[in-house]
Amino acid sequence: MSGWVGVPSPHSRSFLRGCHAKGAAVAIAGWTVDAPNLFVIMSGLSVCRPNRGNVVARTLQQNRATHDDGDRQNTASWFENYIISKTINGARTLPVPPKDTTRVATVRGHSRGEEMAASAKTLAELLRPLSPSTKIQISKSSFSARTPEQKKTTETNKAQARSKRDLRICTDIIEKSRAEKMEYAKLEELLVEETWLEALEGELQKPYAKNLCRFVEREMRGSVPIYPPPHLIFDALHRTPFHQVKAVIIGQDPYHGPGQAMGLAFSVPEGIKVPSSLVNIFKELRQDVGCSLPSHGNLERWAVQGVLLLNAVLTVRKHQANSHAKKGWEPFTDAIIQIISQKKTGVVFLLWGNSAQAKSRLIDESKHHILRAAHPSGLSANRGFFGCRHFSQTNQILEKLNLSPIDWQL
């Protein structure tokens, strides 16, 4: 095993400590080394931020792998996901040592205590500060032999990182407008997801959209709060980039109670009482695919897997349902549906209730799949929503298209 890693991290230290206790072999990016040696020379494993000074340790060269390919793949996947989780917090690259460093320790044929002592000595000799400008890219080939579940986890983590970045950008725009003594941020500036900006190029510049932006901006200045908060108005698009859309669930307008709306159709933040429509959705999930009833109604996990949770109207006044209907949102969200229909294939549209089913006129059924059912509200769930089995049908369609199914469990 050879390579460069950063030090230290409490999370990875506990991971390695567990391996050390078991005397297991650990694989990082396809290489394997005995955990006791790895634990000594890597008391922690973390991705180093380029703007911070750091030291690195040259790892031991082990001539022989001691565990099977499955263990190497599993641990390599753990390492990759760890890197991605650090990327969410700002890390980007790994610093590397000067090229003239060539010292490598080889330990073989010694007792465990001698190996650990040799490893510790090697670590002390090789620690040195690095230039933050020196960078290395992580080869994807090291992670090529992964299970579908590992790949799916990686993609989910990447999607979460991107959506958090977009959320930060929106928040910064709003804070900047406040700092400049502006009463609101311009609506068109709050859509920042690159793939949707490309797919919807020019849409927010059309006359109807200009009128919509002016209306929403007036409402932001008004005495009655509007929901969701401005930085979450386009969150459905930020959570599910255009190129990742696999399924679409269409709602009507956002929840109008305080703290409920979060920019995703049918979804509420954790800690908020789950609305009756969403309770019925969870009941059908349990009956259809065996999901346990979750303790919250946050559907972000569906969104980052490729389920676009799109309301027909994206804003609403406090305690005034449909108060922003027929103000320009419908043409905008219709354009989103049409673009998906025109530019993609094999998307599953779940249309619940008459309002959602009216959108079928925008969808090319020769290219896509439409599942129709009654709305999951308490008034209509018993008239065709319960028993529709849309969640299992969606996954069956995706699997036939060689796409990963949705993990509906929250």
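A few points on the structure.

Overview of the sheet that holds strand 10 (residues 348-352)
In space, the four strands of this open sheet follow the order 8-7-10-11, with parallel pairing throughout. Strands at the two margins of the open sheet, each flanked by one partner only, are strand 8 (307-311) and strand 11 (369-373). Pairs of neighbouring strands in the sheet enclose a mean axial angle of 20°, with direction left out of account. As paired elements, strand 7 (residues 247-251) and strand 10 share three bridges and run parallel to each other. Considered in strand 10, the bridge of Val248 is made with Phe349.

Examining a positive patch on the surface
A cluster of basic residues, Lys186, Lys210, Arg214, Arg218, Arg221 and Lys327, forms a positive patch on the protein surface. Note that Lys210 resides in helix 7 (residues 207-221). Classification of Lys210 as partly exposed rests on a relative accessible area of 30%.

Remarks on the pattern of salt bridges
This model, assessed by the stated rule, comprises 11 salt bridges. A salt bridge links Lys206 to Glu203; the shortest N-O distance between them is 3.0 Å. Overall, Lys206 belongs to the partly exposed group, its relative accessible area being 38%. Assessed through its relative accessible area of 9%, Glu203 is described here as buried.

Analysis parameters
Residues numbered from 1 in each chain as written. Predicted model: local features only at pLDDT ≥ 70, side-chain atom pairs only at ≥ 80, totals over all residues. Heavy atoms only, no water. Pairing = 2+ DSSP bridges. Helix = DSSP H or I, 4+ residues; strand = E, 2+ residues; numbered from the N terminus. Axes fitted to C-alpha atoms, helices over the stretch in contact; angles between N-to-C directions. Patch = residues over 30% accessible without salt bridge, like charges linked within 9 Å, V, L, I, M, F, W, Y side chains within 5 Å. Areas by Shrake-Rupley, 256 points an atom, 1.4 Å probe, with all protein chains shown as cover. Salt bridge = Lys/Arg side-chain N within 4 Å of Asp/Glu carboxyl O. Lys, Arg positive; Asp, Glu negative; His and termini not counted. Charge placed at Lys NZ, Arg CZ, Asp CG, Glu CD. Buried < 20%, exposed > 50% of the residue type's maximum accessible area, 1.4 Å probe, protein only.

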